[in-house]
Structure formats: structure tokens, C-alpha cells
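Analysis of the macromolecular model
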Amino acid sequence: RLPANAVEAVTKDDSDLVRRQREYLRKTHFNLIKTRMRALHGKNLVFVQCANNSKFWAWFDERRKRDWDLFLNCYAGDVEKAYAAEYVCKQVGTKFTGILNCWLNCRGLFDLYENIFFIDDDIVFNFADISSFFRAMTSAGLDLAQPSLSTKSHCVWQVFFNQKKTGSRKTNGVEIMMPALSKTARDILLPYFIYSIS
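Residues numbered from 1 in each chain as written. Predicted model: local features only at pLDDT ≥ 70, side-chain atom pairs only at ≥ 80, totals over all residues. Heavy atoms only, no water.

A short note on the sheet that holds strand β7 (residues 180–182)
The cut-off we apply is this: The pairing criterion for strands is at least two bridges between them, as found by DSSP. Helix numbers and strand numbers start at the N terminus; a helix is a DSSP run of H or I with at least 4 residues, a strand a run of E with at least 2. It only takes one pair of heavy atoms within 4.5 Å for two residues to be counted as in contact. Convention adopted: a line fitted to C-alpha atoms gives each axis, helices being fitted over their contacting stretch, and angles between N-to-C directions are expressed from 0 to 180 degrees.
Taken in spatial order, the seven strands of this open sheet run β1-β4-β3-β2-β5-β7-β6, and their pairing is mixed. Either end of the sheet is taken by a strand with one partner, and the two such strands are β1 (30–34) and β6 (144–145). Note: β1 against strand β4 (residues 87–91), four bridges, orientation antiparallel. Residue pairing for β4: Leu32 is matched across the bridge by Cys89. Here helix α5 (residues 127–140) sits on the sheet and contacts β2 (44–50), β5 (115–119), β6 and β7; the angle it forms with β5, its principal contact strand, is near 130°.

Below, the structure is given as C-alpha cells:
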């Protein structure tokens, strides 16, 4: 027997799943707080779901020079530090609904960038590695990419862990915790986000 506040995860059929997903999506409210009309730091964008206690704040330094712009989705309400970003929105929901709502409401903004890197707020980077990753993605001509994971990372898919080699390697997918999409991949994949909440 499920607790009163539990959500049943199993659906009767596909139409029931779609109905539940659309009902959830209708409850998300997108509010763009800060925006720009042009790219400020280059042709790449980092999109982060964030809250006040996000690990993102431990490695992001607004004083450091960067060649990528930042879009923060404050999914848990106001985050005072968020205003250092070029773009800020509030959308209570999941990462997928945040990306979908931003794409639906700010498509022209997304089109300013060659690559967008969608990262969870509990992912930890060396600041300079973001630029290195974008350079490697562009150099390899990748439409869908992700950095490899450190051995301390939590992931069941061994293919995504660092192989102690430099450069890029091909896999048959990316982990949803940090996919990067080119314009081509975004045009193909983002419309499908309406079919998935998480």
C-alpha cells in the first residue's frame, strides 16, 4: 500500500502515461527573470538547474574569465547568487521540464549558441574544463557529447567513466546528467522533451 503523498510510477498504458506527463507539465510555471539579446562570452551556453545549496556554487567563480554564457534555472525559488548569470529563470519542475519550457519560451535565445551544455547542479567541474570540453566537442564535430566521469562519480554505465586517455571517443549515448547538444541535435531532440518529465 502506497503512502498518501506517494505518486504511483507505473501507468496502465501509454495514453495514461502521456496524460500524467501533460498534467505535470501544466503545473510547471516558467518565469524568465533575466535575459540578453545577444551572446556575451562566446558561442556556447551552460544551462544549470540550481538552488542555494547546489554543488555548482563550489566551483563556479563569477570573477573568472570564461568563453561561455550561463543560464540558471532556479528550480527551488530565489537564488541571490544567480544574478551573476547572463540568463536566469524560475521553473519549479524537473530538468527536462526546465529545458523544454526554456526552449518553448526562449527558442531565439537558444539559437544564439552553437552548443548548449545541460548539467545537473550536483556535478562538479574544474572551472577551466568547461571551455576545454566545448573546444573538444567542436574540434571532433560532435552533435551530442558529454565529458567523461571521474572514478568518484556515481553512474551505472561504465562506458561513461574516464579511460585515462585524451581526446574524444564514441559511445552509443550520453548520460542525462550532463548532455551537450549542438544546434543540429537540439532541433532534432528538444521537441521530444514534451514526452518525458524525467
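Structural notes on the packing of aromatic side chains
To keep it simple, the criterion reads: Two rings from Phe, Tyr or Trp (for Trp, the six-membered ring) form a pair when their centres sit within 6.5 Å of each other. Planes less than 30 degrees apart are called stacked, planes more than 60 degrees apart edge-to-face, and all others tilted. Exposure is judged per residue with a 1.4 Å probe applied to protein chains only, and the accessible area is read against the type maximum: over 50% gives exposed, under 20% gives buried, and values in between give partly exposed.
Scanning the model with the defined rule gives 19 aromatic pairs in all. Judged by centre distance (4.6 Å) and plane angle (15°), the rings of Phe96 and Phe193 are stacked. Residue Phe96 is found in helix α3 (residues 95–105), and its partner Phe193 is found in the segment after α6 (183–189); the two are separated by 97 residues along the sequence. Residue Phe193 is classed as buried on the basis of its relative accessible area, which comes to 13%.

As for α5
In plain terms, the rule: Arc definition: it is the arc formed by the directions from the helix axis to the C-beta atoms.
Within the sequence span of α5, burial applies to Phe127, Ile130, Ser131, Phe133, Phe134 and Met137. Projected onto a plane normal to the axis of α5, the buried residues spread over an arc of 155° and lie on a single side. Turned more than 90 degrees off the buried face of α5, the exposed positions are Arg135 and Ser139. A positive backbone phi angle near 65° is found at Gly141, which sits one or two residues after α5.

Quick word on the pairing of β5
Burial analysis of β5 places five of its five residues in the buried class, which makes it a mostly covered element. Here β5 shows a buried face lined by Asn115, Phe117 and Ile119 and a second buried face lined by Ile116 and Phe118. Bridging between β2 and β5 involves five bridges; their strand directions are parallel. Residue pairing for β5: Val48 is matched across the bridge by Ile119. In this structure, β5 lies alongside β7, joined through three bridges in antiparallel fashion. Within the sheet, the bridge partner assigned to Ile116 lies in β7 and is Leu181.

Examining the pattern of salt bridges
Formally: Salt bridges are counted wherever a side-chain nitrogen of Lys or Arg sits within 4 Å of a carboxyl oxygen of Asp or Glu.
Summed over the entire model, instances satisfying the criterion amount to eight salt bridges. In this structure, Asp16 and Arg19 form a salt bridge, with 2.7 Å as the shortest nitrogen-oxygen distance. Here Asp16 and its partner Arg19 are both found in helix α1 (residues 14–26), three residues apart, which amounts to about one turn of the helix. With a shortest N-O distance of 3.9 Å, Glu114 and Lys183 are connected by a salt bridge. Linking Glu114 in the loop between α4 (107–110) and β5 with Lys183 in helix α6, this pair joins segments that are 69 residues apart in sequence. Of the residues examined, Glu114 reaches a relative accessible area of 37% and is grouped as partly exposed.

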